[in-house]
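Fold and contact review
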Amino acid sequence: QVQLVESGGGLVQAGGSLRLSCAASGRTFSSYCMGWFRQAPGKEREFVAGISWKGGSTVYADSVKGRFTISRDNAKNTVYLQMNTLKPEDTAVYYCAAGVLLRTTKERYDYWGQGTQVTVSS
């Protein structure tokens, strides 16, 4: 069992940066691949970025490639999402998730946080 708590969301102007954190409970955190997803009002939850259990492999949605960076610190049971050059279309609730395999589909993830709101003003 893994419990996830996101933090770091907020209101930022277009072009700005935010860093999201996701703290995990449980000693098995390092056994899980981690993903960040987001959901805007009226839209489906979509994949943003993922990282393998040791951090050696990462994958990004095309819409954030080159602007967002996912990383993890297994000693701190935490995964991060550094978001730069933010755009209004990045506005959404951001969720972290844990799964056995590094995948881009939400159905492949077993545990979810409660989400943190990111709002980018133009």
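Our subject is the structure that appears above.
First, a word on scope: everything that follows refers to the structure included in this document. Counting restarts for each chain, with residues numbered from 1 along the sequence as it is written. Predicted model: local features are reported for residues with pLDDT of at least 70 only, side-chain atom pairs are reported and counted for 80 or more only, and whole-chain, interface and lining totals are derived from all residues. Computation of side-chain values: all heavy atoms of the structure, hydrogens and water removed.

To continue, consider the side chain of Glu6. Strands are runs of DSSP state E lasting at least 2 residues, helices are runs of H or I lasting at least 4, and numbering of each runs from the N terminus. Along the chain, Glu6 turns up in strand S1 (residues 4-7). Burial classification: accessible surface area is computed with a 1.4 Å probe over protein chains only, and a residue below 20% of its type maximum counts as buried, one above 50% as exposed, and the rest as partly exposed. As used throughout, the charge tally considers Lys and Arg to be positive and Asp and Glu to be negative, leaving His and the chain termini uncounted. Take a side-chain nitrogen of Lys or Arg and a carboxyl oxygen of Asp or Glu: if they are within 4 Å of each other, that pair is a salt bridge. Arg45 provides the closest opposite charge to the buried, unpaired Glu6, separated from it by 7.4 Å. Contacts described as polar in this section are N or O atom pairs within 3.5 Å, which, within protein, must combine one atom able to donate a hydrogen with one able to accept it, while residues neighboring in sequence count only if both atoms come from side chains. Polar side-chain contacts of Glu6 include one of 2.9 Å to the backbone nitrogen of Cys96. Of the polar contacts made by the side chain of Glu6, one reaches the backbone nitrogen of Gly115; its length is 2.9 Å.

Further remarks concern the packing of aromatic side chains. Aromatic rings from Phe, Tyr and Trp, with only the six-membered ring used for Trp, were paired whenever their centres fell within 6.5 Å, and each pair was classed as stacked if the ring planes differed by under 30 degrees, edge-to-face if by over 60, and tilted otherwise. Tallied over the full model, the rule gives six aromatic pairs. Measuring from centroid to centroid gives 5.2 Å for Phe37 and Tyr109, while their planes differ by 80°, and the two rings are edge-to-face. Linking Phe37 in strand S4 (residues 33-39) with Tyr109 in the loop between strand S9 (92-99) and strand S10 (111-112), this pair joins segments that are 72 residues apart in sequence. Each of the two residues, Phe37 as well as Tyr109, counts as buried. Their ring planes at 75° and their centres at 6.5 Å tell us that Tyr95 and Trp112 sit as a pair that is edge-to-face. Note that Tyr95 is positioned in strand S9 and Trp112 in strand S10, a separation of 17 residues in sequence. Accessibility expressed as a relative area gives 13% for Tyr95, which makes it buried.

Now for the sheet that holds S1. Strand pairing is defined by DSSP finding a minimum of two bridges between the two strands. Strands sit in the order S1-S3-S8-S7 across an open sheet of four strands; the sheet is antiparallel. In this open sheet, the two strands that pair with only one neighbour each are S1 and strand S7 (68-73). Across the sheet, the mean angle separating the axes of adjacent strands is 15° when strand polarity is ignored. The pairing of S7 with strand S8 (residues 78-83) spans six bridges and is classified as antiparallel. Paired with Asp73 across the bridge in S8 is Thr78. To obtain an axis, a line is fitted to C-alpha atoms, over the contacting stretch when the element is a helix, and the angle between two such axes runs from 0 to 180 degrees between their N-to-C directions.

What follows deals with the pairing of strand S3 (residues 18-24). Burial runs high along S3: five of the seven residues are buried. Here S1 pairs with S3 via four bridges, running antiparallel. Of the residues in S3, the one forming a bridge with Ser7 is Ser21. Bridging between S3 and S8 involves six bridges; their strand directions are antiparallel. Each bridged residue has a counterpart across the sheet, and for Ala23 the counterpart in S8 is Thr78.

It is worth spelling out the pattern of salt bridges at this point. As enumerated under the stated definition, the model contains six salt bridges in all. A salt bridge links Asp90 to Arg38; the nearest nitrogen and oxygen atoms lie 2.9 Å apart. Residue Asp90 is located in the loop between S8 and S9, and its partner Arg38 is located in strand S4; the two are separated by 52 residues in the primary sequence. As far as the burial class goes, Asp90 and Arg38 line up, both buried. Put simply, Arg38, Glu46, Arg67 and Asp90 are held in one network by salt bridges that share partners.

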